[in-house]
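Structure at a glance
Now for the letters of each chain:
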Amino acid sequence: MREPMSPPRWLGADTLWLAGWLSLAPAVGAAATPPATVEGRVADQVVAIIEGQVLTLSELRFEARVALLQRGGVQALELPLDEDTLRGALELIINQRVQVLNADRLQAFPAEPAEVQARVDAFQAVLGGEAALKRFLSRHDVDVQGLERVLARGLRAERILDSRIRLRAQVGETEVRRHFEQNADEYPEGYEAARAAIREKLVRGRYGALAAEELAQVRASAQVRRVAPFAREASR
């Protein structure tokens, strides 16, 4: 039987950023001078062990960069990967890997090749074409298959999370009407014109809160050991 369809883009993707990147800093395009980066200090080291699987610093850097590019576009290509950014990326990666490992045990929520290819194509478009993608992968010493694994994991994690909370995130007409009446000054166009936007806003908020709760429950039973000093700070 076919698994549930992916959530609408404004729900699925945004939810993962909300739940997994709450501690991400600096924001893409921030004007503040970035702190010293950790890129280039160490060739490689173990950052964390997630359910028995080792995550290295080079893997964390690559997956952080992929996520930043998906979130912020090509302007994120040169954003320094300081320790705050890597800590935020680590939380996202732990969330994704724990969810996918649990799904693997049940052989659930597979990522179809066509879906993964669509994400590769979209990522290539963000970078500016095939040549730019090759340069990016070469810079990180990763092949296309490695990128596909990262994108497939993100796709599956979104789908897993959405399957658990999408229905609970829905809001009824009464809630939409109540929000309008309580905040009528914000909607001079009137209820009928604002109804769809209000519903989307309320669903976003509820979906994000439920996502955070769901991921906290998943993480509570996961075996995760942070090894690198900056990674251990994320759990404090």
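Conventions used here
Residues numbered from 1 in each chain as written. Predicted model: local features only at pLDDT ≥ 70, side-chain atom pairs only at ≥ 80, totals over all residues. Heavy atoms only, no water. Helix = DSSP H or I, 4+ residues; strand = E, 2+ residues; numbered from the N terminus. Buried < 20%, exposed > 50% of the residue type's maximum accessible area, 1.4 Å probe, protein only. Contact = heavy atoms within 4.5 Å. Core = buried A, V, L, I, M, F, W, Y, C linked by side-chain atoms within 4.5 Å. Pairing = 2+ DSSP bridges. Expected span 1.5 Å × (residues − 1). Bend = angle between axes of the 7 residues up to and from the residue. Polar contact = N/O pair within 3.5 Å; in protein donor to acceptor, adjacent residues only side chain to side chain. Phe/Tyr/Trp six-rings, centres within 6.5 Å; stacked < 30°, edge-to-face > 60°. Lys NZ or Arg CZ within 6 Å of the ring centre and 35° of its normal.

Here's the deal with the overall build of the chain
Per the secondary structure count, the chain includes 9 helices and 3 strands. Each helix and strand of the chain, ordered N terminal to C terminal, gives the series α-β-β-α-α-α-α-α-α-α-β-α. For the chain, the residues scored as buried account for 44% of the 236 residues in total. The contacts of the chain with a sequence gap of at least 6 include a subset with a gap of at least 24, amounting to 78%.

Looking at the nonpolar core
Within the largest apolar cluster, 37 residues are counted, with the highest numbers of intra-cluster contacts made by V47, L60 and F123. Mapped by element, the contributors of at least two residues to this core are β1 (46–50), α2 (57–72), α3 (83–106), α4 (113–127), α5 (130–139), α6 (144–165) and α9 (229–233). When residues no more than four places from it in sequence are discounted, the contact partners of L60 are V47, L55, L86, A89, L90, I93 and F230. Formed by 15 residues, the second largest nonpolar core is a distinct cluster that contains A169, V176, F180 and A194.

A look at the pairing of β1
The pairing of β1 with strand β2 (residues 53–56) spans 4 bridges and is classified as antiparallel. If you follow I50 over to β2, its bridge partner there is Q53. Linking two consecutive strands that pair antiparallel, namely β1 and β2, is a turn of 2 residues; a positive phi of about 50 degrees is found at E51 within it. Two elements, β1 and strand β3 (residues 224–226), share 3 bridges in a ladder whose sense is antiparallel. Bridge pairing links I50 to V224 in β3.

Section: unusual backbone geometry
With a phi angle near 50 degrees, E51 is a residue other than glycine that sits in the positive phi range. Classification of E51 by relative accessible area gives partly exposed; the value is 23%. If you check the backbone angles, D141 has positive phi at about 55 degrees while not being a glycine. As for its placement among the helices and strands, D141 is situated in the loop between α5 and α6. D141 sits in the exposed class, given a relative accessible area of 73%.

Brief notes about helix α8 (residues 191–220)
Since the α-helix packs 3.6 residues into each turn, any two residues three or four apart lie on the same face. Between its terminal C-alpha atoms α8 stretches 42 Å, which fits the 44 Å expected from 30 residues at 1.5 Å a residue. The largest bend in α8 is about 30 degrees, located at A197. Restricting attention to buried positions, one finds in α8 the residues Y191, A194, I198, V203, Y207, G208, L210, A211, E214, L215 and V218.

Digging into the side chain of R159
Structurally, R159 is set in helix α6. Taking relative accessible area as the criterion, R159 reaches 6% and is therefore assigned buried. One polar contact links R159 to E115, side chain to side chain, over a distance of 2.8 Å.

Describing the packing of aromatic side chains
Using the criterion set out here, one finds 4 aromatic pairs in the structure. Measuring from ring centre to ring centre gives 5.3 Å for F180 and Y191, while their planes differ by 65 degrees; the resulting arrangement is edge-to-face. In this pair, F180 sits in helix α7 (residues 173–182) while Y191 sits in helix α8, placing the two residues 11 residues apart along the sequence. In this structure F180 comes out as buried when scored by relative accessible area, which is 13%. Owing to a relative accessible area of 8%, Y191 belongs among the buried residues under this scheme. Put simply, the rings of F62, F123 and F136 pair up and form one aromatic cluster. Above the face of the Y191 ring, R177 is positioned so that its terminal group lies 3.7 Å from the ring centre.

Geometric values such as these leave the question of function open.
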